[in-house]
Amino acid sequence: MTSHRWTDRPAAHPIPRAWRWAADEQSRATERTLLAIAAAVALAAVTAVVRLAAGSTAAQAGEARHLAQTFALDRLGVLLDGPADASLAWLQAGLYTAATDAFARHASPLAGAREATAFAAAATAVLLWVLAGRMGLTRWSAAAAGTVAALSPLVVAAQVGLRPENIATPWALCGLALLWTHNRHRRPAPDLWAVLLLVVSVITAPITVALAGTAAWLVWRRGRRRLAQVLGATFALGAGLGLGLGGALSGLRSAGDGPDPLLWAGLDPAVAAVCVVGAVGGLFCFRLRPLAVGVVALLALALVPGGPGAGAAAVAAAPAVLLGAGVVERALAHRGRVGALLLRAPIALAAVLALVLTAPHWPNAFTADAAAPAPVAGAAGWLRDNLPGTPVIVDDGTWVDLVDSGRDPATTLRASACGEQCPAEAWVLLSPRQRARPVERPLGPSTLLAAAPTRGEVMAVFGAGPEQVAVLRPGTSVVSTEAGARARAGAALADSPRVTSHPAVAAALRAGHTDPRVLTALAGLASSRPVRIGALPPVAGEDAAGAPRRQVVLVAAGEQAEQVARYFAGQRGPYRPESVSTGPDGVLVRYPPGAPAGLLAPFDTP
């Protein structure tokens, strides 16, 4: 008798081999996609970290204006130059710093504002990866281009600065990525979004209009002429309405405010050569030609004397690196008459040699000399203690430092805003940025501060060498003309039998290092009572400027100290002290900075 085994489990049927292969292939495709996403995110993270590490380096030329506008939008909620002259880049950077509280998280305002460009550089790294895929390049080429762009000192220097071009680059690359397709008859929605992104990039930084050639090439080669005309007219209309002719010219001019692109190329000559070779070589490759057209146009603009050099180079830096990787890939994949082995060997050797020569210098991109805030901080403290309500003319970068330290924006005037209309009684703070500015662009309101040393008297100096910061009083300098009168009046006071002092104090009196108001007030006091001078305390920064000492300590105690204090507090006009205080050492009298001329007229002649 036959026995049967019963079970409620379904019979096991073998999965067809084709199905199993399809499932494995789908799983591998998913793994490759996840790996690609992880690689793109890693490149973006490395790019952002390197830019943040370089955020504390010294400010680049032309960066101060953008910093002041971004800081004002974040902290004050106003546009310094009014809505008519506002840049969309300032609005984007200001919104980012306000949303992330970037200024509060960094030691300097410049580093906080540069966080916005670090975020834009990270977005650019992701878009380079996407563009490489749209162009048909391998992921190895995309990874190589992203790594070089993240670490090369040339690209870091171009992307770290707070510039409209760095904020506009992701918008432009995103628009190009949407246009880069092999589907001739797809729906028009991606193309319209691409045009919108390109319009935003041009309004943000007009120099990105050079990439319009790339966009036009991508649309035209699909063979849909009417679509190309509609998209071109939409782009022209949007850019024209959003920017206008005046805004375009102003944006192109401001794009030239920056370092010489050749200086950036000197930071990494090998990568600079790869960028040029990639841009030119890409013109001869069907896959790379559309992007190469735009990059070549940007590089040509960067080399125009007096043109938008820095801005054009900043936009072209990352795409040019991608083109270099693409040219190398296409050369290695060549199967023509030259032969694969004959072509691969020299290219591989050149790539390895360039990597060995340049990679050791890449850490310099984010370990460059940092900006020294100590002189500006010292000047800010001097202004806070001595001129809290007096108008002071400064450059844009120093305006941010002073307002960030707590100074009233109403008494802190930007030279770029008031120009030759600045108040005549305003003091001047001359910073290293402003001393370097007239050399780069001699025209404009910067000439006001450039001529300040010949139109005023240096009252305080902080720092030394190229980082020196000076505070100048308006008017004609009286230091040299009154030095002799102060010396003669001081010698007469030191020789008076009613005045006693320490030898160091007597030497300072005879050398003419004492303020005329102090000398005159002491002579009046000595006419009624014996005077004992304890010290002539210096004020920080003023001895280095050669300014006379305006503080004096008179040795007195009890009722005598009160009488001396009442004597000085009762002075009128220019002889009224800024403060009079009594302490264990005696009576400290302090006069405001900047004595009027002519107080020692009787001592003008020997």
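Residues numbered from 1 in each chain as written. Predicted model: local features only at pLDDT ≥ 70, side-chain atom pairs only at ≥ 80, totals over all residues. Heavy atoms only, no water.

Visitor: For the pattern of salt bridges, give the residues involved together with the corresponding values.
Guide: For the coordinates displayed, the defined rule picks out 12 salt bridges. For Asp396, the salt bridge identified is with Arg414, shortest N-O distance 2.8 Å. On the criterion of sequence distance, the pair formed by Asp396 in helix 17 (residues 396-404) and Arg414 in strand 2 (residues 412-414) is long-range, its members being 18 residues apart. Taken individually, Asp396 and Arg414 each receive the classification buried, so the pair is uniform in this respect. Here Arg517 ties to Asp515 by a salt bridge, and the two come within 2.9 Å at their closest N and O atoms. Here Arg517 matches Asp515 in class, with each residue buried. (Salt bridge = Lys/Arg side-chain N within 4 Å of Asp/Glu carboxyl O. Helix = DSSP H or I, 4+ residues; strand = E, 2+ residues; numbered from the N terminus. Buried < 20%, exposed > 50% of the residue type's maximum accessible area, 1.4 Å probe, protein only.)

Visitor: Pulling in residues and values, what's your account of the sheet that holds strand 7 (residues 531-535)?
Guide: Pairing between the strands of a sheet is mediated by backbone hydrogen bonds and can be parallel or antiparallel. The 5 strands lie next to each other as 6-7-8-10-9, forming an open sheet whose pairing is mixed. At either margin of the open sheet sits one strand with a lone partner, and together these are strand 6 (499-501) and strand 9 (579-583). Each adjacent strand pair in this sheet contributes to an overall mean axis angle of 30°, direction not counted. The pairing of strand 9 with strand 10 (residues 586-590) spans 5 bridges and is classified as antiparallel. Counted as the bridge partner of Thr582 is Val587 from strand 10. (Pairing = 2+ DSSP bridges. Axes fitted to C-alpha atoms, helices over the stretch in contact; angles between N-to-C directions.)

Visitor: Quick rundown of empty space enclosed by the protein? Include the residues and the values.
Guide: By rolling a water-sized probe across the atoms, one finds the places where empty space is left. Throughout the structure, instances matching the rule amount to 4 cavities of 30 Å³ or more. Roughly 50 Å³ of volume is contained in the second largest cavity. Contributing elements (two or more residues each) for the lining of the second largest cavity: helix 4 (109-134) and helix 7 (164-179). Tallied by class, the residues present in the lining of the second largest cavity amount to 3 nonpolar, 5 polar and no charged. (1 Å grid on protein atoms, 1.4 Å probe; cavity = no way out; pocket = protein on both sides within 12 Å on 5 of 7 lines; lining within 4 Å. Points joined across faces, edges and corners; volume = space filled by probe spheres on them. Nonpolar A, V, L, I, M, F, W, Y, C, P; charged D, E, K, R; others polar.)

Visitor: Outline unusual backbone geometry, listing residues and values.
Guide: The phi dihedral of Asp101 falls on the positive side, at around 55°, and the residue is not glycine. The residue Asp101 is located in the loop between helix 3 (88-100) and helix 4 in this model. Of the residues examined, Asp101 reaches a relative accessible area of 45% and is grouped as partly exposed.

Visitor: Could you give me a rundown of the pairing of strand 8 (residues 551-554), with the residues and numbers involved?
Guide: Burial along strand 8 is two-sided: the face carrying Gln551 and Val553 and the face carrying Val552 and Leu554 are both buried. Note that strand 7 and strand 8 share 2 bridges and pair antiparallel. Within strand 8, the residue paired with Ile533 across the bridge is Leu554. Relative to strand 10, strand 8 is paired through 4 bridges, and the arrangement is antiparallel.

Visitor: So what about the side chain of Gln159? Which residues, and what values?
Guide: By the secondary structure assignment, Gln159 is in helix 6 (residues 153-160). Overall, the relative accessible area of 6% leaves Gln159 in the buried class. In terms of polar contacts, Gln159 uses its side chain to reach the side chain of Arg51, at 2.6 Å. For Gln159, the residues in contact, after removing those within four places along its chain, are Thr47, Arg51, Thr117, Ala121, Thr124, Asn166 and Ala318. (Polar contact = N/O pair within 3.5 Å; in protein donor to acceptor, adjacent residues only side chain to side chain. Contact = heavy atoms within 4.5 Å.)

Visitor: Can you tell me about helix 5 (residues 139-151), naming the residues and giving the values?
Guide: The end-to-end C-alpha distance of helix 5 is 18 Å, a good match for the 18 Å that 13 residues give at a rise of 1.5 Å each. Buried within helix 5 we find Ser141, Ala142, Ala145, Gly146, Ala149 and Ala150. Projected down its long axis, helix 5 shows its buried positions confined to an angular sector of 160°, all on one face. (Expected span 1.5 Å × (residues − 1). Arc of directions from axis to C-beta.)

Visitor: Could you give an account of the side chain of Ser152, with specific residues and numbers?
Guide: With respect to the secondary-structure elements, Ser152 resides in the loop between helix 5 and helix 6. Exposure remark for Ser152: the relative accessible area of 0% places this residue in the buried category. At 2.7 Å, the side chain of Ser152 and the side chain of Asp268 are in polar contact.

Visitor: Report on the nonpolar core, specifying residues and quantitative values.
Guide: Met135, Leu291, Leu298, Leu322 and Leu323 are the most contacted members of the largest nonpolar core, which totals 66 residues. At 13 residues, helix 14 (residues 309-332) tops the list of elements feeding residues into this core. With near-sequence residues (within four places) excluded, Met135 lies in contact with Trp180, Arg287, Leu288, Leu291, Leu322 and Leu323. Leu383, Val392, Trp399 and Leu402 belong to the second largest nonpolar core, which has 34 residues in total. (Core = buried A, V, L, I, M, F, W, Y, C linked by side-chain atoms within 4.5 Å.)

Visitor: Can you explain the sheet that holds strand 5 (residues 469-474)? Please cite residues and give values.
Guide: Ordered by their spatial adjacency, 5 strands build an open sheet running 2-1-3-5-4, and the pairing between neighbours is mixed. At either margin of the open sheet sits one strand with a lone partner, and together these are strand 2 and strand 4 (456-462). Strand-to-strand twist in this sheet, taken as the mean axis angle between neighbours without regard to direction, amounts to 30°. Sheet topology note: the strand 3 (residues 427-430)/strand 5 ladder contains 3 bridges and is antiparallel. Across the sheet, the residue bridging to Val428 is Leu472, located in strand 5.

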